[in-house]
Amino acid sequence: MLITLFIFSVCGDSKLTKTDENLKAAFAGESQANRKYLAFAKVAEAEGFPQIAKLFRAAAEAETIHALNHLRVMGQVKSTAENLGAAVAGETYEFESMYPQFIEDAKTEDNKKALQSFDMANKVEHVHADLYKKAITAIKTQTDLPQTDIYVCPDCGNTFDGEVPDFCPICAKPKSAFTKIA
């Protein structure tokens, strides 16, 4: 729900209809179902149930289609330049406001696992904002980013364009574990 609340708070939509609110809720629910089903698929695969894993992945894909349809209807998918601006705003909100508060709450409640999860995500959101800012600079000159490989750390989500260090500077995962993005 935070994602959808953020989308509309940044966009300045102050008077939403009931249908607008329903689209926001549907987008949040479908988005969360996608991620949850992908997590379930990994467990099913690890437990030796490849067909059940496939079913979870298929449902996750369907939930993505639903979420993207709702997002489009809400008018939140725009030009690449506008989408990059929204992405920078979203990442910045997360590392300046959302995650710092979540980190404090986890500390107060002595929830070390949540604290670690929030802290890693917070650090990576800085990286994402910087990468999006590079893309904004490129698009202002009507050029694409230079062609490089992009990698994501499977533990913390840290993202690298080009050279990957031997170990992730956020979670220390080895370079060999990183996922190359197609």
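For the structure itself, consult the block above.
Calculation criteria
- Residues numbered from 1 in each chain as written.
- Predicted model: local features only at pLDDT ≥ 70, side-chain atom pairs only at ≥ 80, totals over all residues.
- Heavy atoms only, no water.
- Helix = DSSP H or I, 4+ residues; strand = E, 2+ residues; numbered from the N terminus.
- Buried < 20%, exposed > 50% of the residue type's maximum accessible area, 1.4 Å probe, protein only.
- Contact = heavy atoms within 4.5 Å.
- Areas by Shrake-Rupley, 256 points an atom, 1.4 Å probe, with all protein chains shown as cover.
- Pairing = 2+ DSSP bridges.
- Axes fitted to C-alpha atoms, helices over the stretch in contact; angles between N-to-C directions.
- Parallel < 35°, antiparallel > 145°, perpendicular 65-115°, else oblique.
- Left-handed = near helix turned anticlockwise from the far one by under 90°.
- Nonpolar A, V, L, I, M, F, W, Y, C, P; charged D, E, K, R; others polar.
- Expected span 1.5 Å × (residues − 1).

Considering the overall build of the protein
Here is step 1 of the chain: In terms of regular secondary structure, the protein is built from five helices and three strands.
Here is step 2 of the chain: When its helices and strands are written in sequence order, the protein yields α-α-α-α-α-β-β-β.
Here is step 3 of the chain: With respect to the three principal axes, the spread of C-alpha positions in the protein is 50 × 45 × 40 Å.
Here is step 4 of the chain: When the 182 residues of the protein are sorted by exposure, 29% land in the buried category.
Here is step 5 of the chain: Considering only contacts within the protein whose residues lie at least 6 apart along the sequence, 51% involve residues at least 24 apart.
Here is step 6 of the chain: Roughly 11,800 Å² of accessible area belongs to the protein as shown, and the carbon and sulfur atoms make up 57% of that amount.

Re the sheet that holds strand S2 (residues 159–161)
Here is step 1 of the chain: An order of S2-S1-S3 is seen for the three strands of this open sheet, with the pairing classed as antiparallel. Each having just a single partner strand, S2 and strand S3 (179–181) make up the two edges of the open sheet. Taking the axes of each pair of neighbouring strands and ignoring which way they run, one obtains an average angle of 30° across the sheet.
Here is step 2 of the chain: One ladder, built from three bridges, connects strand S1 (residues 150–152) with S2; its direction is antiparallel. Among the inter-strand pairings, Val152 is bridged to a residue of S2, identified as Thr159.

So, the packing of helix H2 (residues 18–46) against helix H3 (residues 50–73)
Here is step 1 of the chain: Where H2 meets H3, the closest approach of the two axes is 8 Å, and the angle between their N-to-C directions is 160°. Comparing the axis directions of H2 and H3 gives the class roughly antiparallel. As for the relative orientation of H2 and H3, their crossing is left-handed in sense.
Here is step 2 of the chain: Classifying every residue of the contact of H2 with H3 by side-chain character gives 18 nonpolar, five polar and five charged.

Some thoughts on helix H5 (residues 112–140)
Here is step 1 of the chain: If you check H5, its first and last C-alpha atoms are 42 Å apart, about what 29 residues at 1.5 Å a residue would give, namely 42 Å.
Here is step 2 of the chain: When we look at burial in H5, the residues that qualify are Ala114, Met120, Ala121, Asn122, Val124, Glu125, Ala129, Ala135, Ile136 and Ala138.
Here is step 3 of the chain: At its buried positions, H5 is contacted by helix H4 (80–108).
Here is step 4 of the chain: Phi for Gln142, located one or two positions after H5, is positive at around 55°.

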